[in-house]
Structure formats: C-alpha cells, structure tokens
Amino acid sequence: MSRPLPVIPESDRTPAIITHLSPLAGFVLPTLGNVLGPLVAWLAFRDRSGALDEQGKEALNFQLSFWLYGLVVGVLAFVLFSAGLIGGAAAGTPDLGALAFLGTFGAFFLFFLPVMAVLGLVPFVFMIVAVVRVSAGQPYRYPLSIRFLR
C-alpha cells in the first residue's frame, strides 16, 4: 500500500514557483544573488503555510550547497593553478618549466572549466524541474543538496 503524495495547495503554488525561480536574482547580483533570492523569498513566504516553508528551505539549501561546491572548486583551481605556475617558474630547466606551465593550463581548460560549467548549468536545470513539479502541485526535493535548514 502506498501513501498518497503530498500536494501543494493551489493558493501556495505561485509563491512556491516564485521561490524556486528566485535564484535568477544571481543574474542581477552575481555571486550572492542566487542565495539571497531564495533567502528573501523563504523569509517572505514561510509564515503562510508549511508547504511554502518547506519549499523555501529546499531552494535555499540547494543554492547554498551549489554556492559552497563552486567555492571549493574555485579555491582548489586557484591553488593548483598557482602551484603549477610557481612550480613551472621554479623548475631548473626551461623545458621542465614549459611542461609544468602547459600542464597547468591544460588542467585548467580540460578539467576546471568544464566542472565550473556543470556547476553553473546543473542548478538551472534542477530549478526548471522544480518549477514544473511545483506548478503541478507536487513538492520538490532537490538532489545533491546539503540540508543546512531542516
């Protein structure tokens, strides 16, 4: 026997959609807008109903998680890129220095740029999925999300 899926009431669907679309504020305020948008939406709508509180927490947790993932990858890229450049400059022979220098750029373009592109695209895709689900009245739980707020 399966239990029925929870349903978001019709009156709460529009605020829930706004909450899930609020990370688009990142286009207006880069770096922090994608986190501030869901935070403001959650604070504005959380007292209206339990469904809006839950969906606001989901959107905020997901955006915080991906902001943190991007920060970790960005710091890692900076440290490794800098270490490669310093290692290349400190190499005893010009051939070894050029190899380290090219290896650093190769790692940057072949690994870190694609990872950053995925970290930018995945939240957008999941945000669209969340909007579609919420507009149909189904609550959405984001994958890959650290539950900062429960």
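The residue numbers shown here count from 1 along each chain, following its written sequence. Totals for whole chains, interfaces and linings use all residues, but because this is a predicted model, local features are given only for residues with pLDDT of at least 70 and pairs of side-chain atoms are given and counted only at 80 or more. Hydrogens and water molecules were not included; the side-chain quantities draw on all heavy atoms of the structure.

As recorded by an unreviewed UniProt entry, the protein chain carries the name DUF4870 domain-containing protein and is attributed to Deinococcus aquaticus. UniProt positions are given in the numbering used here, feature names are shortened, and annotations may be inferred rather than shown by experiment. Reading the Subcellular location (unreviewed entry) entry of the UniProt record for the protein chain gives the comment "Membrane".

S.K.: What's the story with the overall build of the protein chain in this structure? I'm lost.
M.R.: Labels follow the DSSP assignment, with helices taken as runs of H or I lasting at least four residues and strands as runs of E lasting at least two, numbered in each case from the N terminus. When its secondary structure is counted, the protein chain shows 4 helices and 0 strands. In this scheme, a residue with accessible area under 20% of its type's maximum is buried, one over 50% is exposed, and one in between is partly exposed, where area comes from a 1.4 Å probe on protein chains only. Here the protein chain holds 150 residues, and 33% of them are scored as buried. Pairs of residues are marked as contacts when any of their non-hydrogen atoms sit within 4.5 Å. Pairs at least 24 residues apart make up 69% of the contacts formed inside the protein chain by residues separated by at least 6 positions. For the area figures, the Shrake-Rupley method with a 1.4 Å probe applies, and any residue is considered shielded solely by the protein chains shown. By element, 74% of the accessible surface of the protein chain is carried by carbon and sulfur atoms, the whole surface being about 9,100 Å².

S.K.: I tried to follow the environment of L39 on my own but got confused; where do I start?
M.R.: Its location among the elements puts L39 in helix α2 (residues 33-45). In the structure, L39 is positioned 20 residues away from T19 in sequence and 8.7 Å away in space, judged by C-alpha atoms.

S.K.: Please explain the UniProt feature "transmembrane region" (unreviewed entry) in the protein chain as it appears in this structure.
M.R.: In this structure's numbering, the residues bearing the UniProt feature "transmembrane region" (unreviewed entry) are residues 20-45, 66-87 and 99-132. Across residues 20-45, the secondary structure splits into 58% helix and 0% strand, with the terminal C-alpha atoms separated by 12 Å. The annotated region residues 99-132 carries 100% helix and 0% strand content, and the separation between its end C-alpha atoms amounts to 49 Å.

S.K.: Can you help me understand the packing of aromatic side chains in this one?
M.R.: How two aromatic rings sit relative to each other is set out by the distance from centre to centre and by the angle between their planes. Within 6.5 Å between ring centres, the rings of Phe, Tyr and Trp (the latter by its six-membered ring) count as paired, and their orientation is classed by plane angle as stacked under 30 degrees, edge-to-face over 60, tilted in between. In total, this model carries 6 aromatic pairs according to the counting rule given. Summarising the aromatic geometry, the rings of F62 and F126 are spaced 5.9 Å apart at their centres and angled 85° between planes, so their arrangement reads as edge-to-face. Placement of F62 in helix α3 (residues 50-90) and of F126 in helix α4 (residues 94-135) is noted, with a sequence separation of 64 residues between them. Measuring from centroid to centroid gives 5.2 Å for F66 and Y69, while their planes differ by 70°, and the two rings are edge-to-face.

S.K.: How should I be thinking about unusual backbone geometry in this particular structure?
M.R.: Phi at T31 takes a positive value of approximately 80°, unusual for a residue other than glycine. Along the chain, the position of T31 falls in the loop between α1 (10-21) and α2. Within the chain, L144 stands out as a residue other than glycine whose phi angle is a positive 60°. Position of L144 among the secondary structure elements: in the segment after α4.

S.K.: Can you walk me through α1 in this structure?
M.R.: At 3.6 residues per turn, the α-helix brings residues three or four places apart onto the same side. What a helix is expected to span follows from its residue count: subtract one and scale by 1.5 Å. Its 12 residues place the ends of α1 17 Å apart at the C-alpha level, agreeing with the 16 Å of an ideal helix rising 1.5 Å per residue. Burial in α1 covers these residues: D12, R13, P15, A16, T19 and H20.

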